[in-house]
Structures are given as structure tokens and as C-alpha cells.
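# Fold and contact review
Each chain is listed here by its residues.
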Amino acid sequence: MKGSVVIGAQWGDEGKGKITDFLAAKSDVVVRYQGGNNAGHTVEVEDKQYKLHLIPSGILNDNALCVIGDGVVIDPEALINEIMYLEKEGVSVNPDKLVISDRAHLIMPYHKVIDSLSEKSKGKDDIGTTGKGIGPCYADKHERSGIRMCDLLHPDTFNEKLTANVIVKDKIINALYEGEELNSSEIYDKYMEYAETIEKFVCDTTVVLYEALKAGKKVLFEGAQGTLLDIDYGTYPFVTSSHPISGGVCVGAGVGPTAISNAIGVCKAYTTRVGKGPFPTELEGELGDYIREKGFEYGTTTGRARRCGWLDLVIVKYGARISGLTDLAITKLDTLSGMDKLMVCIGYEFDGKVIDYFPASLEDLARCKPVYETMDGWDDSVQYAKSFDELHENAKKYLKRIEEYTETRISIVSVGPNREQTIVVNNI
Ligand code: GDP
Ligand code: IMO
Ligand code: MG
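Here we summarise the structure given alongside this text. (Residues numbered from 1 in each chain as written. Chains lettered and ligands numbered in written order. Predicted model: local features only at pLDDT ≥ 70, side-chain atom pairs only at ≥ 80, totals over all residues. Heavy atoms only, no water.)

### Looking at the overall build of the protein
On a plain count of helices and strands, the protein comes out with 13 helices and 20 strands. Taking 22 Å as the expected radius of gyration for a compact globule of 428 residues, we find that the protein reaches 21 Å, a close match to that expectation. Projected onto its principal axes, the C-alpha positions of the protein cover 65 × 50 × 40 Å. Counting the 428 residues in the protein, one finds 56% classified as buried. Put simply, of all contacts in the protein between residues at least 6 apart along the chain, 75% involve residues at least 24 apart. In the protein, which carries 48 positive and 65 negative side-chain charges, the distance between the mean positions of the two groups comes to 3 Å. (Helix = DSSP H or I, 4+ residues; strand = E, 2+ residues; numbered from the N terminus. Rg over C-alpha atoms; globule rule 2.2 N^0.38 Å. Buried < 20%, exposed > 50% of the residue type's maximum accessible area, 1.4 Å probe, protein only. Contact = heavy atoms within 4.5 Å. Lys, Arg positive; Asp, Glu negative; His and termini not counted. Charge placed at Lys NZ, Arg CZ, Asp CG, Glu CD.)

Here you go:
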């Protein structure tokens, strides 16, 4: 079995798109297994930048087949827009390049309406979601009232399920949020139009993956979001509604655990988070602003300013344990260049003790004070480095410290947004 998974080791936006694109050059199949268009994955090739939300970041590799698995929630309108955007950019998207699971759930207009109304009603206690309808769609899936891709291809079933849902959602929207009534026939017409475009991509993707793995093809699973946004292992309730961790692959793509031999955690050289929720090493004020501007830390999907802070190794080690990471890909080392001193969090002071694990309770987490180690900085030369040896000595020490603390080898170092600015330390 030749499967590898790329996951986010922090709160998302670690550079998974860049690393997936890089690894896709040596992959036959690239698979998204969870999340939806809440994700925003950036890939830079030569002087062109691509922003992907639903379609795997392997799409720029002509030889890789892209798969959207059953664990992904799909907004058909967003999917069609993304296909059109790629086609306009000269990237062809056809059924030889992309297949979509017939079991994947559909994001419906009422999911987006409820996402935004529910957030609004929470006031200052909102989660800070992307507003893409992700949570309400997964809620319906688990409540067993969702509508799936296979239903979209059966107009009568689709209409039946849509009508039943609209009756319930109208009641919720009216009673809880005093929102506007939904128009069922308008939704039906729109979705039937989407079906015409999408139908050709839809199939049982578990068969495609089974055959690929059986034939010894290289399959790369591309996680969205990050470990600390996982519904179970993240900073609940400030999380997304799926499993970005490596374990999400099996249920989200319909493959067995033996399909995965490597789990690669993508980790920024510092930490960022977009949306609400705890962030122990957050830097508020000038330094945080400096990192945000230098690293251009603005959301790929929503454009929101990302909160920035020092590298938190407690988090990365926690993720390494939960996802069984075999490798790390460290990104944005160049963003930290030019700083005299850097801080790295190596534990939390909690009730007079230093702990190196991540607490479940947000109340406990709020009482944790990061314990820092100070490290020497490096200059701008890192962005030009072509090998580990060419990196500034202090940058090497920084990377070594990450390896030592997390007990995970660093196999890739990214020193700029471009595909070319990638250093392979160990072959994966
Ligand atoms: P993803 O969601 O994990 O795919 O990450 P995003 O694409 O949302 O955010 C990462 C941002 O950092 C994008 O703008 C990338 O182009 C950029 N990026 C990725 N790796 C590097 C790097 O090593 N250095 C710099 N300066 N930018 C990077
Ligand atoms: P990528 O794949 C960063 C965050 C939102 C919010 C929480 C819940 O680009 O790394 P949701 O819309 O999923 O219900 O929002 O999760 N979030 C992300 N943060 N990167 C992402 O994706 C994210 N997807 C969701 O900001 O805090
Ligand atoms: Mg992103």
C-alpha cells in the first residue's frame, strides 16, 4: 500500500496546499477526505497563484487523478465556480482528472443561511465560522436527514428529501432566528441545473481508490483545516465539524488503515489561527501585526486577518501523537527571518506544574501559561536556500529543536510560497 496523508498540524492554513502540490508531482491520485469549501489552499507555480477550496491541490499535476471523497461536504455552486475558475486559468477539469463520491453530502442553501443566522444569534460568543454552511450540513448528515450526491442524480428522491428538509428548516429559521422563508422550487431548479454539470464526475470513489491502491499507485490524501480544528481533538467548540486528523482518511475516503504508510504534518514555523477560540501563544500588538504583514496572514477563503503567535510545540507534539505523524513539513521559515530572537513554547505552566500535553477543557487551557525557550534568529538568506545545508545555522538549530521536541523527523522545509522554494530533507 502506498498511501500518504498530508494534514495540518495547527489551526489550519499551514501551507497544506503548497505541500500537497509539491508531493502531487510524484503521486498518481490526490484525495480530499473531509471539510468543504471552508478550506482555502494556495498553490504558487512560477508567477501564478491558484486558490483551491474543494478540488484537491493535485489538480495542477496533469498526471494525477483527483478524488473528492465521501467525507467532504460539497456546495455544488462553489464546485462549479471552482471548475470554471480553473478552466479559465488553463487547467482542464474533466472526469479523467476529477471524480466525486456519490456518497458525499450536499451543502444546501439553508445550511448557509442557518450557519450565518446561528453565528449572528450567538453575538460575541460566535465560533467565527467561514459561513459556508459546513456545520449545519454535517449536522444533517449525522442526524440522517442530509441529501447526498447520489440523490442529486435522482430528481424525484432529491425533490422528496428537499421538500421534507425545507419544511423543518423553515420552522427553525422562523422560530429561532425570525429569518426569511425558503423557496423550495427555486432550490430544486437550481440544483437540477447543477446536476447537469456535475453528473459526469460522480461515481463510487471507493472503487477507484481500491483499484489504485491494489495496483500499487501512489495515493496522497490531502487534509483540510488542522488538528486543533478537529471536532473531537480540537479546541471544542471552536472547531470545524469534521476530522482533519489522519484518522479521518479511512472514513472520509472509504479506505482501510493499511492504505496509509506515511502521515505528514504540515506545520508553520510559527502559529496562526483564524476565527475565535483559545490560542495560548498568541501575540497581540506590534509583534503579532509584524508577523501578519510579513507572512501575509489573511484568510484564503474569507480574507479575515489571521491571529499570529509563536510556535507552540505542545500543539505539534499533541498532533504528532494523535495522527501518528511520520514526518513534518515546516513552512514559512522565511517569514521569521530578520528577527533577532524567537520564542518557542515547550510546555504550559498549569497549577504550578509544567505540562507538555494539550488539555481538553477550555477552562483548564485558559489557566495554562506558555513556557518559552528563546532561540536566536536568522537573516533573509533562508528564502534562497536550496538544501538543508544552505540554511542559516540558527534556522537549522530551530528545525532541530522542533524534531527533538516532537520526536518526528522533518522531511520538507518550505522557504517561500513558490513550488520551487521547497527543500527536501528526507525522501518520503
Ligand atoms: P493551507 O490552507 O494549509 O493550504 O494554507 P493557505 O494556502 O491557506 O495559507 C498558506 C499561505 O502561505 C499561502 O498564501 C501560501 O502561498 C503561503 N505559503 C506557503 N508556504 C510558504 C512559505 O514557506 N513561505 C511563505 N512566505 N509563504 C508560504
Ligand atoms: P484550511 O484547509 C483555517 C475555522 C474557521 C472557524 C472554525 C469553524 O484552509 O486550512 P467552519 O466554517 O469550518 O464551521 O468554521 O474553523 N476554519 C479554518 N481555519 N483554515 C481552514 O481551512 C479553516 N476551515 C475552517 O475560521 O474558526
Ligand atoms: Mg487555508
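After that view, the rundown keeps rolling.
### So, the site of ligand 1
Taken together, 19 residues surround ligand 1, and among them Gly15, Lys16, Thr42, Asp334 and Ser414 come closest. The protein chains hide 93% of the 580 Å² of surface that ligand 1 would expose on its own. If you list the elements that add at least two residues to the shell around ligand 1, you get α1 (16–24) and β3 (41–45). Among the elements that make up the shell around ligand 1, the one with the highest residue count is α1 (3 residues). When residues are assigned to domains, the shell around ligand 1 turns out to be shared by domain 1 (2–102 + 201–263) and domain 3 (267–424), each giving three or more. (Near = heavy atom within 4 Å. Areas by Shrake-Rupley, 256 points an atom, 1.4 Å probe, with all protein chains shown as cover. Domains from an automatic or database assignment.)

### Notes on the coordination of the magnesium ion (ligand 3)
Within the first shell, the magnesium ion (ligand 3) binds the protein through Asp13 (OD) and Gly40 (O), at distances of 2.0 to 2.2 Å. Taken together, the residues aspartate 13 in the loop between β1 (3–8) and α1 and glycine 40 in the loop between β2 (29–32) and β3 connect sequence positions 27 residues apart. The class of glycine 40 is buried, set by a relative accessible area of 9%. (Donors = N, O, S within 2.8 Å, 3.2 Å for Na, K, Ca; no water.)

### Some details on the site of ligand 2
What surrounds ligand 2 is a group of 20 residues, the closest being Asp13, Lys16, His41, Thr130 and Thr240. Interatomic distance of 3.4 Å between a backbone N/O atom of glycine 128 and an oxygen atom of ligand 2. Within the contact set of ligand 2, an oxygen atom lies 3.0 Å away from a backbone nitrogen or oxygen of valine 274. With the chains in place, 98% of the 540 Å² that ligand 2 exposes on its own is no longer accessible. Considered class by class, the residues forming the shell around ligand 2 number 7 nonpolar, 10 polar and 3 charged. (Polar contact = N/O pair within 3.5 Å; in protein donor to acceptor, adjacent residues only side chain to side chain. Nonpolar A, V, L, I, M, F, W, Y, C, P; charged D, E, K, R; others polar.)

### Brief notes about the nonpolar core
The biggest cluster of nonpolar side chains holds 67 residues, and the ones touching the most others in it are Phe221, Leu333, Leu391 and Tyr398. Mapped onto the domain boundaries, this core takes at least three residues apiece from domain 1 (2–102 + 201–263) and domain 3 (267–424). Aside from chain neighbours lying at most four places away, what touches tyrosine 398 is Ala269, Leu311, Leu333, Leu336, Leu342, Val344, Met375 and Trp378. By size, the runner-up hydrophobic cluster in this structure holds 43 residues, among which are Val43, Leu98, Tyr194 and Val202. (Core = buried A, V, L, I, M, F, W, Y, C linked by side-chain atoms within 4.5 Å.)

### Concerning unusual backbone geometry
In this structure, the amide linkage connecting tyrosine 236 to the following residue, proline 237, adopts the cis form with an omega of 5 degrees. Of note in the backbone geometry, glutamine 225 takes a positive phi value of approximately 55 degrees without being a glycine. Mapped onto the secondary structure, glutamine 225 falls in the loop between β10 (219–222) and α9 (248–253). Positive phi is not limited to glycine here, since phenylalanine 296 has a value of about 45 degrees. By the secondary structure assignment, phenylalanine 296 is in the loop between α10 (286–294) and β13 (307–309). Overall, the relative accessible area of 58% leaves phenylalanine 296 in the exposed class.

### A few points about the sheet that holds β1
Strand order across the open sheet formed by 10 strands is β9-β7-β5-β2-β10-β1-β11-β15-β19-β20, with mixed pairing between neighbours. At either margin of the open sheet sits one strand with a lone partner, and together these are β9 (202–203) and β20 (422–424). (Pairing = 2+ DSSP bridges.)

### Details of helix α8 (residues 205–214)
Along α8, the positions that sit buried rather than exposed are Thr205, Leu209, Ala212 and Leu213. Along the axis of α8, the buried positions cluster into a sector of 95 degrees, meaning they face one direction only. Of the exposed residues in α8, those oriented more than 90 degrees away from the buried face are Tyr210 and Lys214. With its phi angle positive at about 80 degrees, glycine 216 sits one or two positions after the end of α8. (Arc of directions from axis to C-beta.)

### Details of the pairing of strand β15 (residues 327–331)
Among the 5 residues in β15, 5 count as buried, and that is most of the element. Residues Asp327, Ala329 and Thr331 line one face of β15 and the alternating positions Leu328 and Ile330 line the opposite face, and both faces are buried. Note: strand β11 (residues 260–268) against β15, 5 bridges, orientation parallel. Residue pairing in the sheet places isoleucine 264 in a bridge with aspartate 327 of β15.

### A short note on the packing of aromatic side chains
Taken as a whole and assessed by the stated rule, the structure comprises 8 aromatic pairs. Between tyrosine 191 and tyrosine 194, the ring centres sit 5.1 Å apart and the planes meet at 70 degrees, which makes this aromatic pair edge-to-face. Placement of both tyrosine 191 and tyrosine 194 in helix α7 (residues 184–198) is noted, with a separation of 3 residues, approximately one turn of the helix. There is no split in this pair, since tyrosine 191 and tyrosine 194 are both buried. The interplanar angle of 65 degrees and the centroid separation of 5.1 Å between the aromatic rings of tryptophan 378 and tyrosine 398 together place this pair among those described as edge-to-face. (Phe/Tyr/Trp six-rings, centres within 6.5 Å; stacked < 30°, edge-to-face > 60°.)

Read these as spatial facts, not as claims about activity.
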